[in-house]
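Here are the chains, one letter per residue:
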Amino acid sequence: MRTARILIVDDDDDLRKTLEAHITDLGHRVLAVDSAESALNHFAEFSPEIVFSDVQMSGMNGFELLTRLKDGRPDVDIVIFTGYGGVQGAIDAIKDGATDYLLKPLDLDEIEGVIERCIKDRAVRKDVEPPAEPVASAPGGLVGRHSSMVNVYKKIGAVASTRAAVLIQGETGTGKELIARTIHENSSEADLPFIAINCAAVPETLLESTLFGHIKGAFTGASSDRRGPFELAGRGTIFLDEIGDTPLAFQAKLLRVLEEREFYPVGSEFPRRTEARVIAATNKNLEELVPTGEFREDLLFRLKVVDISVVPLRQRRSDIPLLVRHILTQASADLGRPVPAVPPEVMASLISREWPGNVRELENTLVRGLVLSRGPSLSVEEIEGCLWTGGREPAGLTTPGSVTQSGRLSPEEASLASVERNHVQKVLFETDGNKSAAARLLEVSRPTLNRMIKDHQLVLP
């Protein structure tokens, strides 16, 4: 692998020295400084190809350094890292020209992978135009620090300033519409309409009229002209949710809109132009629907210019405590009530569940539990029966050793892996994340506890 000149900017002495030693051992030439000001002073002389910079530093912060460097040297790869990560930080970093955005604690293997990718990209890419000026801020609805969510934030930042079509894929309740709104709110058309249509909720016979509008007399009941979203949106955004449920006839018309930027209102002989951006979403695997003839392959290609995949909540359990605090804070404000405490046994149970309805199910459960709560903290008993069970009798929250209403453990709860996961998670919360104390209570070694935490995706308080 070719070596590179790499500049490290961080006022944390231990982390800076660790990164310097590790990256030097990889064979790269490294300069490590403790401030953004020092980085600027040494920049011309050292002429780095890659810069790793912390965000929170005394004096100039990492985002300001990013802007300064990109103004003068847009060819330099700048990787931002922070211990205070959030949605907007990742979006802003990528929009402002950062190559990547990492969260502490840093993974040295990930650092090595980022360097390799930067070197490969530099070998093949040509000079590009400087990034556009940052635009409107995103809403604070997206929550999560899991690597899968950070990747979503980075894609939002990359695509927001473009007009490219976006396809968002993920299970029901994962926040696909919120992602679409965040893209829109961070675009240069943020002040224009965002129109969301749930395609599955519109009868097939009305779908074309709903989206494209109609003229007077086009069908029974069409007593006047009606403009549809593709006309009303202007250069705004049209969000087509559950696109996988649309009939083939409509798919053909939508394909024409995407290819020709024109459509026909129902009953009209004359086409109308549209400049609306299309973001589509689905909880289905569209690639699997193509061979069966249920979804047009050419439309899939048109919609999937940029693909954003949202992982289910059960695959990012470490985000559940963040989501719980966020949801309860908002719901408490809406209800005019103080934010309740969440005891360790309740949090451990929330983390251990599979959440088939994802974030939406978690939110509904917590809001119902908050409404029923009679004290300063949530309890297992107070939110018992608040869980969505797909038509089955309420399952309630379970703690290790608990049983269902029928008096028997469910297959999920009865598995040895589930019992171990629930118990270890509860102990971690009871010890406030102190691994040494948790290992003593569990009567296991620290390496064994670390393996359990990794295998079960457990969360430290």
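Right above here is the structure, for reference.
Position labels on residues start from 1 in each chain and follow its written sequence. The predicted origin of the model limits local features to residues at a pLDDT of at least 70 and limits the giving and counting of side-chain atom pairs to 80 or more, whereas totals for whole chains, interfaces and linings rest on all residues. For the side-chain quantities, the full set of heavy atoms in the structure was used; hydrogens and water were omitted.

Caption draft 1: Spotlight on the nonpolar core. We call a set of buried Ala, Val, Leu, Ile, Met, Phe, Trp, Tyr and Cys residues a nonpolar core when their side-chain atoms join them within 4.5 Å. With a 1.4 Å probe rolled over the protein chains alone, any residue whose accessible area is under 20% of its type maximum counts as buried; one over 50% counts as exposed, and the rest are partly exposed. Ranked by internal contacts, the top residues of the largest apolar core, which has 42 residues, are Leu7, Val9, Val51, Ile168, Ile179 and Ile183. Note on conventions: DSSP H or I runs of at least 4 residues are helices, E runs of at least 2 residues are strands, and numbering of each starts at the N terminus. A total of 6 residues in this core trace back to one element, the largest contributor, which is helix H6 (residues 147–159).

Caption draft 2: Inspection of the packing of helix H13 (residues 320–335) against helix H15 (residues 358–372) at higher detail. All axes here are fitted lines through C-alpha atoms, helices being fitted over the stretch that makes contact, and every angle between N-to-C directions spans 0 to 180 degrees. Their axes nearest at 10 Å, the elements H13 and H15 cross at an angle of 45°. Of the possible angle classes, the one that applies to H13 and H15 is oblique. With respect to the hand of their crossing, H13 and H15 are arranged in right-handed fashion. On H15, the residues touching Leu323, Val324, Ile327, Leu328, Ala331, Ser332 and Leu335 of H13 are Val359, Leu362, Glu363, Leu366, Val367, Leu370 and Val371. Just so you know how the angles are binned, under 35 degrees is roughly parallel, over 145 roughly antiparallel, 65 to 115 roughly perpendicular, and the rest oblique. Here a crossing is taken to be left-handed if its near helix is turned anticlockwise relative to the far helix by less than a right angle, and right-handed if that turn runs clockwise. The contact criterion used throughout is that any non-hydrogen atoms of two residues lie within 4.5 Å.

Caption draft 3: Highlighting the sheet that holds strand E4 (residues 77–82). We call two strands paired when DSSP finds no fewer than two bridges between them. One open sheet accounts for 5 strands, arranged E2-E1-E3-E4-E5; its pairing is parallel. Bordering the open sheet on either side are strand E2 (29–33) and strand E5 (100–103), each of which pairs with just one other strand. Taking each pair of neighbouring strands and ignoring which way they run, the sheet shows an average axis angle of 15°. Both strand E1 (residues 5–9) and strand E3 (residues 50–54) contribute to a ladder of 4 bridges, which runs parallel. Across the sheet, isoleucine 6 pairs through a bridge with isoleucine 50, a residue of E3. Contacts from helix H1 (residues 13–25) reach E1, E2, E3 and E4, with the element oriented near 175° to E2.

Caption draft 4: Geometry of the pattern of salt bridges. Whenever Lys or Arg places a side-chain nitrogen within 4 Å of a carboxyl oxygen from Asp or Glu, that contact is recorded as a salt bridge. One pass over the structure, following the stated rule, counts 20 salt bridges. When the shortest N-O distance is used, the salt bridge between glutamate 231 and arginine 272 registers 2.8 Å. One end of the pair, glutamate 231, is in helix H9 (residues 229–232); the other, arginine 272, is in strand E12 (residues 272–273), and 41 residues separate them in sequence. With a relative accessible area of 24%, glutamate 231 lands in the partly exposed category. Accessibility expressed as a relative area gives 28% for arginine 272, which makes it partly exposed. The salt bridge involving glutamate 354 is made with arginine 317; its shortest N-O contact spans 2.7 Å. Of the two residues, glutamate 354 is situated in the loop between helix H14 (344–352) and H15 and arginine 317 in the loop between strand E14 (306–310) and H13; the sequence distance between them amounts to 37 residues. Residue classification places arginine 317 among the buried positions, given a relative accessible area of 5%. Salt bridges sharing common partners tie together Arg163, Glu189, Arg235 and Glu275.

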